[in-house]
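# Inside the fold
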Amino acid sequence: MNRLINKPYFNLLALVGSLFLLSTVTSCHSSEGKEEAAEAPDAPAATEVFSLKKGKLSSSLQVPGELVAFRDVDIYGKVSGFIKALHVDVGSEVKQGQLLALAEAPELSAQLSSAESKLKGQEAVSIGSKANYERILEASKFSGAVSKNDVDQALAKRNADLAQLEAAKSAYREVSDLKKYLEIRAPFDGIISARNASTGAYIGPAGKGSEFPLFVLTEQKKLRLVISVPEAYTGYVDQNDAVSFTVKAFPDKKFTGQVKRQAGALDKRLRSERVEVDVINNDKKLLPGMVAEVNVPLPTKNNTFIVPKSAIVNSTTGVFIVKVKDGKAEWVRVKTGLEADEKIEVFGQLTEGDQYITAATEEIRDGSPVKVK
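Below or above, wherever it landed, is the structure these notes cover. (Residues numbered from 1 in each chain as written. Predicted model: local features only at pLDDT ≥ 70, side-chain atom pairs only at ≥ 80, totals over all residues. Heavy atoms only, no water.)

## Considerations on the overall build of the chain
Rules: Helix numbering and strand numbering both begin at the N terminus, where a helix is a DSSP run of H or I of at least 4 residues and a strand a DSSP run of E of at least 2. Throughout this description, buried means an accessible area under 20% of the type-specific maximum (1.4 Å probe, protein chains only), exposed means over 50%, and partly exposed covers the range between. Contacts are assigned to residue pairs with any non-hydrogen atoms lying within 4.5 Å of each other. Accessible surface area values rest on a Shrake-Rupley calculation with a 1.4 Å probe, where residue burial reflects the displayed protein chains alone.
A tally of regular secondary structure across the chain gives three helices and 24 strands. Residues counted as buried form 32% of the 373 residues belonging to the chain. Counting contacts in the chain only where the partners sit at least 6 residues apart, residues at least 24 apart contribute 75% of the total. For the chain, the accessible surface area stands at approximately 23,500 Å², while carbon and sulfur atoms represent 53% of it.

Okay, structure coming up:
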């Protein structure tokens, strides 16, 4: 009876064990297959490339600038005196030679009168010496009337009096010129931008009156726009290049000018070159002292290699672009230049027509396989 009951029971256990063993083996084979599939390397994705070509790149430089007067001068009194009359004030437009102020100096008037008297006296002495010499010279023509020595002495006296006359004339002109300096005139066309004296004030080349200028005369119809061009861009800026700029007072208006002067040397502190742009300002909207935002065109002079910015790899060891050669990546070291419109100049050991990766990254290692689209 026990054998009849145990035999089916053992058969059931054997069947269950076989099924469990089969399931375990199948599961192991499936797991091993997945691991092998995961470990299999992926094929490289197709990469877009471009052919290296030469061209010209036109970029621009944005720099701040300052407008300064083309000519700006402090006007002082040349001789000591007191202001008698002022004919201009701040904001007055003046022409070259126009009378700005009139000063008075009584001592100069006295000196001029004295010099004039001396000149007239010396003129009379000179006339007398000349007449005396001519008489003696005429008498010497008759034998024995006048000795040769008398003629020589009369000639020497005439020449000495003529020299004294020239000295008197020079002294008179000197005092006369000094008195003209009491008339303070404009050296060029412009506008009076400052006035530091009033009627009755003392003026002079020394002393209290010379601490501040009487006037500051500024040329306004022509201005200088001063900018500093960084060292890397100095080779792209030339004489007569046109630049444009804006100022805060007129944000919607663009002004233009021409490059006229370059320093020819770099500032030791800023490592930039001073460049001056002439700006015509006939409507006088622009004022000296304004700060400008300047746009300086930077066209390349020669054909250079130009690549997309995305082709540049900036690594810790340098700047590279990645060439595709024989299905493998090759890192090529370059130096960069101007940038514009997502393109950039590159310089290095490059050959026109070579294939380079358009969107290069550091993940594309040197020597790794590359599949080209």
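Now that the structure is up, let's keep going.
## A short note on the pattern of salt bridges
Filter applied, for reference: Put simply, a salt bridge is a Lys or Arg side-chain nitrogen that is within 4 Å of an Asp or Glu carboxyl oxygen.
One pass over the structure, following the stated rule, counts 16 salt bridges. Among the ionic pairs, lysine 148 bridges to aspartate 152, the shortest N-O distance being 3.1 Å. Taken together, the residues lysine 148 and aspartate 152, both in helix H3 (residues 148–180) and four residues apart, mark about one turn of the helix. Note that lysine 309 is salt-bridged to glutamate 339, the shortest N-O span being 3.2 Å.

## Topic: the nonpolar core
To be explicit about the condition: What we call a nonpolar core is a set of buried Ala, Val, Leu, Ile, Met, Phe, Trp, Tyr and Cys residues that are connected through their side-chain atoms within 4.5 Å. All domain edges in this entry derive from an automatic or database-based domain assignment.
The biggest cluster of nonpolar side chains holds 27 residues, and the ones touching the most others in it are Leu67, Leu225, Phe245, Leu286, Val294 and Val296. Summarising the domain contributions, this core has at least three residues from each of domain 1 (49–56 + 303–369) and domain 2 (62–68 + 220–299). Judged by nonpolar contacts, the second largest core, of 20 residues, contains Phe188, Ile203, Phe215 and Leu217.

## Describing the side chain of glutamate 273
Heads up, the condition is: Residues counted as positive are Lys and Arg, residues counted as negative are Asp and Glu, and His and the chain ends are not counted. As used in this structure description, the phrase polar contact means that two N or O atoms lie within 3.5 Å; if the pair is within protein, one of them must be able to donate a hydrogen and the other to accept it, and residues adjacent in sequence are counted only when both atoms belong to side chains.
As for its placement among the helices and strands, glutamate 273 is situated in strand S16 (residues 272–280). The buried charged residue glutamate 273 lacks any salt bridge partner; its closest oppositely charged side chain belongs to arginine 274, at an N-O distance of 10 Å. Of note is the side chain of glutamate 273, whose polar atom sits 2.9 Å from the backbone nitrogen of glycine 264. Not counting the four nearest positions on each side in its chain, glutamate 273 is found in contact with Ile227, Ser228, Val229, Thr234, Gln262, Ala263, Gly264, Ala265 and Leu266.

## As for the pairing of strand S14 (residues 242–247)
To keep it simple, the criterion reads: Strand pairing requires that DSSP identify at least two bridges connecting the strands.
By the bridge criterion, five bridges tie S14 to strand S15 (residues 250–266) in an arrangement that is antiparallel. By the bridge assignment for S15, alanine 242 is matched with glutamine 258. Two successive antiparallel strands, S14 and S15, enclose a turn made up of two residues. In this structure, S14 lies alongside strand S17 (residues 291–299), joined through four bridges in antiparallel fashion. Counted as the bridge partner of valine 247 is alanine 292 from S17.

## Some thoughts on the packing of helix H2 (residues 106–139) against H3
Worth spelling out the cut-off: Angles run from 0 to 180 degrees between N-to-C directions of axes, and those axes are lines fitted to C-alpha atoms, restricted for helices to the stretch in contact. Each angle gets one of four labels, with under 35 degrees taken as roughly parallel, over 145 as roughly antiparallel, 65 to 115 as roughly perpendicular, and the rest as oblique. Left-handed describes a crossing whose near helix is turned anticlockwise from the far helix by less than a right angle; the clockwise case is right-handed. Residues are grouped as follows: nonpolar covers Ala, Val, Leu, Ile, Met, Phe, Trp, Tyr, Cys and Pro; charged covers Asp, Glu, Lys and Arg; every other residue, Gly included, is treated as polar.
Put simply, H2 and H3 touch, their axes get as near as 8 Å, and they point 160° apart. With respect to H3, the element H2 is oriented roughly antiparallel. Read as a crossing pair, H2 and H3 show a hand that is left-handed. For the contact of H2 with H3, the class distribution of residues is 18 nonpolar, eight polar and ten charged.

## What about the sheet that holds strand S6 (residues 81–86)?
One key point about sheets: their strands pair by backbone hydrogen bonds, in either a parallel or an antiparallel sense. With antiparallel pairing, four strands are arranged side by side in an open sheet as S9-S8-S6-S11. Edge positions in the sheet fall to strand S9 (183–185) and strand S11 (202–203), since each has one partner strand and no second. Alignment of S6 against strand S8 (residues 99–104), held across four bridges, turns out to be antiparallel. The residue of S8 that forms the bridge with alanine 85 is leucine 102.

## Quick look at the packing of aromatic side chains
Where we set the bar: Any pair of Phe, Tyr and Trp rings, taking the six-membered ring for Trp, is counted once the centres come within 6.5 Å. Such a pair is stacked with planes under 30 degrees apart, edge-to-face with planes over 60 apart, and tilted for the rest. Whether a charge sits over a ring comes down to the Lys NZ or Arg CZ being within 6 Å of the ring centre and within 35 degrees of the ring normal.
Applying the stated criterion across every chain, the model contains five aromatic pairs. Arranged with centres 5.6 Å apart and planes meeting at 25°, the rings of phenylalanine 245 and phenylalanine 255 form a pair that is stacked. Of this pair, phenylalanine 245 sits in strand S14 while phenylalanine 255 is found in strand S15, placing the two residues ten residues apart along the sequence. Here the aromatic rings of phenylalanine 250 and phenylalanine 255 are separated by 6.2 Å at their centres, their planes lie at 65°, and the arrangement is edge-to-face. For phenylalanine 250, a relative accessible area of 24% translates into the label partly exposed. In this structure phenylalanine 255 comes out as buried when scored by relative accessible area, which is 9%. Ring pairs connect the aromatic residues Phe245, Phe250 and Phe255, which therefore count as one cluster. Looking at lysine 54, its charged tip hangs above the ring of phenylalanine 305, at a distance of 5.2 Å from the centre.

## Section: the environment of glutamate 231
With respect to the helices and strands, glutamate 231 occurs in the loop between strand S13 (222–230) and S14. Sequence separation between glutamate 231 and arginine 271 is 40 residues, and the spatial gap between their C-alpha atoms is 6.0 Å. Each residue touching glutamate 231, except ones within four places of it in the same chain, is listed here: Leu266, Arg271 and Ser272.

## A word on unusual backbone geometry
Its identity as a non-glycine residue notwithstanding, arginine 271 has a phi of 55°, on the positive side. Positive phi outside glycine occurs at aspartate 326, with the angle close to 55°. If you trace the backbone, aspartate 326 turns up in the loop between strand S20 (318–325) and strand S21 (328–340). The class of aspartate 326 is exposed, set by a relative accessible area of 74%.

## Description of the layout of surface pockets
Here is the rule we go by: A cavity, in this analysis, means grid points on a 1 Å lattice covering only the protein atoms where a 1.4 Å probe fits yet has no way out; a pocket is instead an open set bounded by protein on both sides within 12 Å along at least five of seven lines, and a residue lines either one if it has an atom within 4 Å of a point. Grid points are joined across faces, edges and corners, and a volume is the space filled by probe spheres set on the points.
Estimated volume of the largest pocket: approximately 210 Å³. As for the largest pocket, its lining consists of Asp74, Ile75, Tyr76, Lys78, Lys180, Tyr181, Glu183, Ile184, Arg185 and Pro187. Among the residues making up the lining of the largest pocket, the classes are represented as five nonpolar, no polar and five charged.

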